[in-house]
Amino acid sequence: MKGDLEFEHVFQPAPHPSAPTLLLLHGTGGDEHDMVPLGRLMPGANLLSPRGQILENGMPRFFRRLAEGVFDVEDLKRRAGNLADFVIAAAAHYRLDSSRIIAMGFSNGANIASAVMLLRPGVLRGGVLLRAMVPLEPQPLPSITGTRVLISNGEIDPIVSTEETERLARLLQRAGADVEVHWQPAGHQLMPGDFAVAKAWLQSIR
Ligand code: MLT
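Residues numbered from 1 in each chain as written. Predicted model: local features only at pLDDT ≥ 70, side-chain atom pairs only at ≥ 80, totals over all residues. Heavy atoms only, no water.

### Examining the nonpolar core
Phase 1 of the analysis: In this structure, Ile112, Leu129 and Leu172 are the most contacted members of the largest nonpolar core, which totals 46 residues.
Phase 2 of the analysis: Listed by contribution, the elements that provide at least two residues to this core are strand E2 (21-25), helix H1 (73-93), strand E8 (101-106), helix H2 (108-119), strand E10 (148-154) and helix H3 (162-174).
Phase 3 of the analysis: In terms of residue count, the dominant contributor to this core is H1 (eight residues).
Phase 4 of the analysis: Once residues lying within four places of it in the same chain are set aside, the contact partners of Leu129 are Gly105, Ala110, Ala113, Ser114, Met117, Val149, Leu150, Ile151, Ser152, Asn153, Leu168 and Leu172. (Core = buried A, V, L, I, M, F, W, Y, C linked by side-chain atoms within 4.5 Å. Buried < 20%, exposed > 50% of the residue type's maximum accessible area, 1.4 Å probe, protein only. Helix = DSSP H or I, 4+ residues; strand = E, 2+ residues; numbered from the N terminus. Contact = heavy atoms within 4.5 Å.)

Spelled out as structure tokens, the structure:
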């Protein structure tokens, strides 16, 4: 549904209105339905899953890129702002606790999640970043102390190097976030180990 909210999205309400909300952000070529099954990793949470508004050769994304791993930073800034506004509007519309919104994004979805953390502090309490890269390096760095982040990346990812993962962790730490990094014996595809660490981490943040 879309309604008065700007993004096509799926919303699944939690049994208890005061529950946390998991903001599910798909990868390139996904849509608002893709990540919904991962809601099982945080039982009892509201699920909010928008579809990225960019189309790259027919594949939805959350922001434009110029090439693989080379981002259109001006577009990224605008789209991160639009997504942050959507999250705030959705929280008001669905009467969610806006202090308990936690992102879980894969690849392009992880990259827009960390961009929202860095560009719009306070909108997200934290997030699980699966196969994440450095989205941008804001100057000056914002203060996002209190934001909790789990990065779960692959040791042999052809798209995201281990140096890139370490650079992302350091960037978020320098901004004040509490960052945990888990390595999977994997490439860009998700593995059972990703779901296991995400589930345990989501349990600890609720
Ligand atoms: C992707 O395939 O989505 C990229 O690796 C990450 C991105 O473009 O944000």
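That covers the picture; the talk isn't over yet.
### Some remarks on the pairing of strand E9 (residues 126-130)
Phase 1 of the analysis: Burial of E9 is extensive: five of the five residues sit out of reach of the surface.
Phase 2 of the analysis: Side chains Gly126, Val128 and Leu130 of E9 all project onto a buried face; the interleaved residues Gly127 and Leu129 project onto the opposite face, where all are buried too.
Phase 3 of the analysis: Here five bridges tie E8 to E9, and the two strands are oriented parallel to one another. Residue Gly105 lies in a different strand from E9, and its bridge partner there is Leu129.
Phase 4 of the analysis: Summarising the sheet, E9 and E10 pair through five bridges and their orientation is parallel. (Pairing = 2+ DSSP bridges.)

### Brief notes about the sheet that holds strand E11 (residues 178-184)
Phase 1 of the analysis: What the seven strands build is an open sheet, ordered E1-E3-E2-E8-E9-E10-E11; its pairing is mixed. The strands lining the two open edges of the sheet, one partner per strand, are strand E1 (9-12) and E11. Between one strand axis and the next, the sheet turns by 15 degrees as a mean value, whatever way the strands run.
Phase 2 of the analysis: In this sheet, E11 lies alongside E10 in parallel orientation, the contact comprising seven bridges. Each bridged residue has a counterpart across the sheet, and for Gly154 the counterpart in E11 is Gln184.
Phase 3 of the analysis: Docked against the sheet, H1 engages E1, E2, strand E3 (46-50) and E8, running at close to 145 degrees with respect to E3.
Phase 4 of the analysis: Against the sheet, H3 engages E9, E10 and E11, with an angle of about 165 degrees to E11. (Axes fitted to C-alpha atoms, helices over the stretch in contact; angles between N-to-C directions.)

### Concerning the side chain of Ser107
Phase 1 of the analysis: With respect to the helices and strands, Ser107 occurs in the loop between E8 and H2.
Phase 2 of the analysis: Judged by relative accessible area, which is 14%, Ser107 ranks as buried.
Phase 3 of the analysis: Here His188 takes part through its side chain, which lies 2.8 Å from a polar atom of the side chain of Ser107.
Phase 4 of the analysis: Every residue in contact with Ser107, bar those within four places of it in the chain, is listed here: Leu130, Arg131 and His188. (Polar contact = N/O pair within 3.5 Å; in protein donor to acceptor, adjacent residues only side chain to side chain.)

### Quick look at the site of the ligand
Phase 1 of the analysis: Taken together, Thr28, Arg61, Phe63, Arg65, Glu68, Phe71, Ser107, Asn108, Asn111, Met133, Ile159 and His188 make up the full set of residues near the ligand.
Phase 2 of the analysis: Contact between the ligand and Glu68: an oxygen atom at 3.3 Å from a side-chain N or O atom of the residue.
Phase 3 of the analysis: At 2.9 Å, a side-chain N or O of Asn108 approaches an oxygen atom of the ligand.
Phase 4 of the analysis: Protein chains bury 94% of the 260 Å² of accessible surface belonging to the ligand in isolation.
Phase 5 of the analysis: Here the ligand occupies the largest pocket. (Near = heavy atom within 4 Å. Areas by Shrake-Rupley, 256 points an atom, 1.4 Å probe, with all protein chains shown as cover. 1 Å grid on protein atoms, 1.4 Å probe; cavity = no way out; pocket = protein on both sides within 12 Å on 5 of 7 lines; lining within 4 Å. Sits in = over half its atoms within 2 Å of the grid points.)

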